[in-house]
Amino acid sequence: MQDITKYNFKNKKALIRVDFNVPLNDKFEVTDDTRISATMPTIKEVLKRGGSVVLMSHLGRPKGNEEKYSLKHVVPSLEKITGKSVKFVTDCIGQEVLEAKKKLKAGEILLLENLRFYAEEEKGDAAFAKKLAEGTDVYINDAFATAHRAHASTSIIAALFGDNKMFGKVMINEIQHLDKALNAPKRGYTAIIGGAKVSSKIIVIEKLLKKVDKLVIGGAMAYTFIKAKGGNVGSSMVEQDFLETAKSVMEKAAQNNCEIILPVDSLNADAFKADAKTNVTPSNEIGEGWMGLDIGPETRTIFADIIANSRTILWNGPVGVFEMEKFARGTFGVAQMIASATEKGTYSLVGGGDSVSALNKSGLADKVSYVSTGGGAMLEYIEGKKLPGIAAIE
Ligand code: AMP
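Bear in mind the structure is a predicted one, so any value in this text is a computation, not a measurement. Along every chain, residues carry numbers that run from 1 in the direction the sequence is written. Two thresholds apply to this predicted model, a pLDDT of at least 70 for residue-level local features and 80 or more for giving and counting side-chain atom pairs, whereas whole-chain, interface and lining totals are computed over all residues. The basis for every side-chain value is the complete set of heavy atoms in the structure, and neither hydrogens nor water enter the calculation.

### Here we look at the site of the ligand
Phase 1: Working definition: residue near molecule or strand if any one of its non-hydrogen atoms lies within 4 Å of it. If you check the shell around the ligand, you find 15 residues, and the closest are A196, K201, G292, E323 and D354.
Phase 2: In the environment of the ligand, an oxygen atom lies 2.9 Å from a nitrogen or oxygen atom belonging to the backbone of A196.
Phase 3: Between the ligand and E323 there is a distance of 2.4 Å, counted from an oxygen atom to a side-chain nitrogen or oxygen.
Phase 4: Surface accessibility follows the Shrake-Rupley procedure with a 1.4 Å probe radius. Residue values consider only the protein chains on display as shielding. Protein coverage of the free-state accessible area of the ligand, which is 510 Å², stands at 79%.
Phase 5: Residues are sorted three ways: Asp, Glu, Lys and Arg are charged, Ala, Val, Leu, Ile, Met, Phe, Trp, Tyr, Cys and Pro are nonpolar, and all the rest, Gly among them, are polar. Looking at side-chain class alone, the shell around the ligand contains 7 nonpolar, 4 polar and 4 charged residues. Whenever two N or O atoms come within 3.5 Å, that pair is a polar contact, provided that in protein one can donate a hydrogen and the other can accept it, and provided that, for residues adjacent in sequence, both atoms are side-chain atoms.

Listed below in structure tokens is the structure:
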């Protein structure tokens, strides 16, 4: 594995797997260019060291060649952010692409069409990877958000470059920050895990309870725990199959000196609707026909106190249905509390699409220590899995 800050890119063509899977509006304009900006340090490093750049990414989940998922929509943002003109080819493999790569001069940027226009990408097809690699000299993986996938462009391709492969700066940053959070001392370490399902985060929860001092559980998944403890949760979302798992998590936490903190009160709704009628009750006394959609005021105070007294904070997942304004206060509150703690010196790492979106909407993204660019990849990294995109480079 090579080091991007030391590698000699002079007259080399660097093939960079980036994550340009950005949101577009109905005019196909990029509405959030965070992911494009994030790759600038990597692109600039290659150009500064005399190389040229071939960028490849996926965008959305196209079924074949669907124009609405074309990466051409990203070109204006990319040009604005790099301050350079960007060449674009309407394919990611084939003769036209090879010609464009051949013509590319030092200092220039070429963007390839959506990798997922070919089913071979997600299948990890070796012949497809070979075609992607053709005409380039060095491979850089800078797409942490897809590092948990063994796709052609994220992992299979790496072996074709021998020793001429390396991580980009997004990837390096992610690994450093996640390792920092994972190796933080247990005292004063709080993880806040929210979201819909216990099932999707159970391995992470089991890992974290060995590492953290306090595990705060919010969102719908809290109700599976509350019900497992014998509470009445009305028609709140519960995973019946995970009641036993929830009990065992609570036992394991106790054995590991990890305190599990569940919501004590809930903001309930009489329907899963933005304009539903609401009430506030203890989280274990929710009435029939009512469902907990956000944490209540007492819980907000408890969470605030825990967050303010933490030295390290890891946050993944909303503590309520924050997409609806009425049930967003808890999640935006957590974002604010973490930002305030960070200002006073706490190290905070936030990941997962919804938590990051809550931070962005409150303008707090730069008020936490680190925002992970990966949701699924971050969770799998915390689970202790070797991510294919990382393994292929190392
Ligand atoms: P996840 O992808 O597992 O992180 O779950 C995120 C989703 O959980 C968001 O769309 C939230 O609206 C949803 N969610 C959070 N709290 C609740 C709740 N109390 N009831 C139902 N859904 C919730």
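### Some details on the pattern of salt bridges
Phase 1: Should a side-chain nitrogen of Lys or Arg be within 4 Å of a carboxyl oxygen of Asp or Glu, the pair is scored as a salt bridge. Following the criterion strictly, the structure yields 15 salt bridges and no others.
Phase 2: Close ionic contact of E121 with R17 constitutes a salt bridge, the shortest N to O distance being 3.6 Å. Separated by 104 residues along the polypeptide, E121 in helix α5 (residues 119-123) and R17 in strand β1 (residues 13-17) bring together distant segments of the chain. Each member of the pair, E121 together with R17, is buried.
Phase 3: One salt-bridge network, held together by shared partners, links E45, K48, R49 and K169. Strands here are runs of E lasting at least two residues and helices are runs of H or I lasting at least four, both read from the DSSP assignment and numbered beginning at the N terminus. Under the scheme applied here, a residue whose accessible area is under 20% of the maximum for its type counts as buried, over 50% as exposed, and between as partly exposed, the area being computed with a 1.4 Å probe on protein chains only.

### A few points about the domain arrangement of the protein chain
Accessible area lost upon the coming together of the parts is a frequently used measure of interface size.
Phase 1: Each domain's extent was defined by an automatic or database domain assignment. Parsing the protein chain into structural domains produces domain 1 (13-172) and domain 2 (184-383).
Phase 2: The distance between the C-alpha centroids of domain 1 and domain 2 comes to 35 Å.
Phase 3: Every contact between the two is made by 6 residues of domain 1 and, on the other side, 9 residues of domain 2.
Phase 4: Note on terms: buried area is the combined drop in 1.4 Å-probe accessible area of two parts once they are placed together, counting the loss on both. Together domain 1 and domain 2 conceal approximately 620 Å² of surface at their shared face, both sides included; 59% is due to carbon and sulfur atoms.
Phase 5: Together, F144, H148 and V170 form the three largest contributors to the area buried by domain 1 at its contact with domain 2, with a combined 69%.
Phase 6: Summed over the shared surface of domain 1 and domain 2, the result is 0 salt bridges. Contacts are residue-level and defined by heavy atoms, with any inter-residue pair within 4.5 Å sufficient.

### Quick notes on the packing of helix α9 (residues 221-228) against helix α10 (residues 243-255)
Phase 1: Helix axes are fitted to C-alpha atoms over the stretch in contact, other axes to C-alpha atoms as well, and angles between N-to-C directions run from 0 to 180 degrees. Between α9 and α10, whose axes approach to 8 Å, the crossing angle comes to 80 degrees. One element, α9, and the other, α10, form an angle in the roughly perpendicular class. Contacts between α9 and α10 involve T224, F225, K227 and A228 on the former and, on the latter, L243, A246, K247, V249 and M250.
Phase 2: Across the contact of α9 with α10, the residue classes tally to 6 nonpolar, 1 polar and 2 charged. If an angle is under 35 degrees, it is roughly parallel; if it is over 145, roughly antiparallel; if it lies from 65 to 115, roughly perpendicular; otherwise it is oblique.

### Regarding the side chain of T224
Phase 1: Tracing the chain through its elements places T224 in helix α9.
Phase 2: The residues touching T224, leaving out its near neighbours within four places in the chain, are V198, M237, V238, E239, F242, L243 and A246.

### Structural notes on helix α4 (residues 95-103)
Phase 1: Every buried residue of α4 is accounted for by V97, A100 and K101. Axial view of α4: buried residues confined to an arc of 100 degrees, hence all on one face. Every exposed residue of α4 that faces more than 90 degrees away from the buried side is listed here: Q95, K102 and K103.
Phase 2: If you follow the buried residues of α4, they end up packed against β1, β2 (52-56), β4 (109-111) and α6 (126-133). The arc in question is the one spanned by the directions pointing from the helix axis to the C-beta atoms.

### Remarks on the packing of aromatic side chains
Phase 1: Ring geometry is summarised as follows: Phe, Tyr and Trp rings, the Trp one being its six-membered ring, pair when their centres sit within 6.5 Å, and such pairs are stacked at plane angles under 30 degrees, edge-to-face over 60 and tilted between the two. Taken as a whole, this structure holds 4 aromatic pairs when the rule is applied.
Phase 2: On the basis of an interplanar angle of 25 degrees and a centroid distance of 5.8 Å, the ring pair of Y139 and F161 is categorised as stacked. Here the residue Y139 occupies a position in strand β5 (residues 138-141), and F161 occupies one in the loop between β5 and β6 (165-167), the gap between them amounting to 22 residues.

### Quick look at the environment of E108
Phase 1: Take E108: it is sitting in the loop between α4 and β4.
Phase 2: Along the backbone, E108 and G51 are 57 residues apart, and their C-alpha atoms lie at a distance of 8.1 Å.
Phase 3: Setting aside residues up to four positions removed in sequence, E108 forms contacts with L47, S52, V53, K87 and K103.
Phase 4: Here the side chain of E108 touches K105 through a polar contact of 2.8 Å, landing on its backbone nitrogen.

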